[in-house]
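# Report on the structure
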Amino acid sequence: MELVLTSLLFFALIATAIAIALVRRLFAVVMLAGVFSLLAAMLFVLMDAVDVAFTEAAVGAGISTVLMLGTIALTARSEKQPSSYSLVPLVIVVLTGLVLIYGTLDMPNFGAPDAPVQQHVGPDYIRKTPQDIHVPNVVTAVLASYRGYDTLGETTVVFTAGLGVILLISGLGRRPRRRKRGDD
Amino acid sequence: MDHHLILRVITKILVAPILLYGLYVQFHGDFGPGGGFQAGVIFAVGFILFGIVFGLRRLRRIFPDYVVHQLVALGVLLFAGTGIVNMALGGNFLDYNVLGEKGYQGQHWGIIAVELGVGVTVFGVMMAIFYSFAGRPPSLDDKEW
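Residues numbered from 1 in each chain as written. Chains lettered and ligands numbered in written order. Predicted model: local features only at pLDDT ≥ 70, side-chain atom pairs only at ≥ 80, totals over all residues. Heavy atoms only, no water.

## Things to note about the packing of helix H8 (residues 148–169) of chain A against helix H4 (residues 65–88) of chain B
Describing two packed helices takes the angle between their axes plus the distance from one axis to the other. As a packed pair, H8 of chain A and H4 of chain B sit with axes 10 Å apart at the nearest point and diverge in direction by 165 degrees. Between H8 of chain A and H4 of chain B, the angle is such that the two are roughly antiparallel. Between H8 of chain A and H4 of chain B the crossing geometry is left-handed. In this structure, H8 of chain A uses Gly148, Thr151, Leu152, Thr155, Thr156, Phe159 and Ile166 of chain A to contact H4 of chain B, whose residues at the interface are His69, Val72, Ala73, Val76, Phe79 and Ala80 of chain B. Among the residues forming the contact of H8 of chain A with H4 of chain B, the class breakdown is 8 nonpolar, 5 polar and no charged. (Axes fitted to C-alpha atoms, helices over the stretch in contact; angles between N-to-C directions. Helix = DSSP H or I, 4+ residues; strand = E, 2+ residues; numbered from the N terminus. Parallel < 35°, antiparallel > 145°, perpendicular 65-115°, else oblique. Left-handed = near helix turned anticlockwise from the far one by under 90°. Contact = heavy atoms within 4.5 Å. Nonpolar A, V, L, I, M, F, W, Y, C, P; charged D, E, K, R; others polar.)

Right under this line is the structure:
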């Protein structure tokens, strides 16, 4: 059952990606990108990564769609027809994809108990969270407490990104310069 | 969007539950899925929906630009400030155990404070980005969609 659902979702994901590449109306592209994010979120739920799915649905399908629509309103509604077609980009993409697939051949299976990820600090966190922190959601315990320093860094990254957007495109008026005495 | 009656009515019904859900995700994050990041986004989405349908000017009356910009910084300060309070109470930076009588009580307070910091910053950044995009004069007419 789970296998059927997973493969169904993956096929829908691929179909959406191809549709995004083919459609020229940008409004449809933005909506399809939202669909793509929702499908990805469902895949994350199937993989038991509820917190990640939550973020994907809220950020990918929610706010990115709004921001993309805002961008369309500022720019253009449809993609320009390319003046000439060339095979080089396709070849590069296919080659990169093949190399990535080759890279996954060595990786442990999904959810394999002997994977390096499952044997490092993960078991410790799961064992100690009920005693140390008394919180049912281990993800929150790791994010906010065990790895609080990392999360502080992440928050600072979000802060810096926001600062960059505000400075670059919010169009805030410049502070009026103080007149020098010599000017008048 | 004055002529979209259905959108206006639906938005009026939807905004309050979205904000409530955002608060739930924020303060229930240590018991269920979610946390500051998702809550900040959801909370911002509630207001952005309001802004899209009822106009940016009405949204700016609730959250003027300078308030949003201060929220962006306030969240990071709240997060880092929690760590500094820990140090003042004799612990390490971001070691919440010193915040409560027993270690795990302190952990609870610390996690709530830190998640609130994340939520406030993310909310502020999302609102600020939305303002920067939507605040510019659009080149497309409403009918062109």
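## Some words on the nonpolar core
Among the nonpolar cores identified, the biggest contains 47 residues, and Phe47, Leu59, Phe63, Phe123, Met127 and Tyr131 of chain B are the most heavily contacted of them. Those elements that place two or more of their residues in this core are helix H3 (50–74), helix H7 (138–146) and H8 of chain A together with helix H1 (5–27), helix H2 (36–54), helix H3 (56–62), H4 and helix H5 (103–134) of chain B. Taken domain by domain, this core gets at least three of its residues from each of domain 1 (1–79) and domain 2 (114–171) of chain A. Excluding residues within four positions of it along the chain, Leu59 of chain B makes contact with Phe47, Phe50, Gly51, Met127, Phe130 and Tyr131 of chain B. (Core = buried A, V, L, I, M, F, W, Y, C linked by side-chain atoms within 4.5 Å. Buried < 20%, exposed > 50% of the residue type's maximum accessible area, 1.4 Å probe, protein only. Domains from an automatic or database assignment.)

## A closer look at unusual backbone geometry
Positive phi is not limited to glycine here, since His134 of chain A has a value of about 60 degrees. Its location among the elements puts His134 of chain A in the loop between helix H6 (122–132) and H7. Using a relative accessible area of 37% as the deciding quantity, one classes His134 of chain A as partly exposed. For Leu94 of chain B, which is not glycine, the phi torsion reads 65 degrees and is therefore positive. Looking at where Leu94 of chain B falls in the secondary structure, it is placed in the loop between H4 and H5. With a relative accessible area of 8%, Leu94 of chain B lands in the buried category.

## Some thoughts on the interface of chain B and chain A
Contacts between the two partners involve 48 residues from chain B, matched on the other side by 42 residues from chain A. Across the interface of chain B and chain A, roughly 4,000 Å² is buried in total on both sides, 76% from carbon and sulfur atoms. The tally of links from chain B across to chain A stands at 0 salt bridges. Linking chain B with chain A are 11 residue pairs in polar contact (both at pLDDT 80 or more). Listing elements by their share of the side of chain B that touches chain A, those giving two or more residues are H1, H2, H4 and H5 of chain B. (Buried area = accessible area lost by both parts, 1.4 Å probe. Salt bridge = Lys/Arg side-chain N within 4 Å of Asp/Glu carboxyl O. Polar contact = N/O pair within 3.5 Å; in protein donor to acceptor, adjacent residues only side chain to side chain.)

That is the geometry; function is a separate question.
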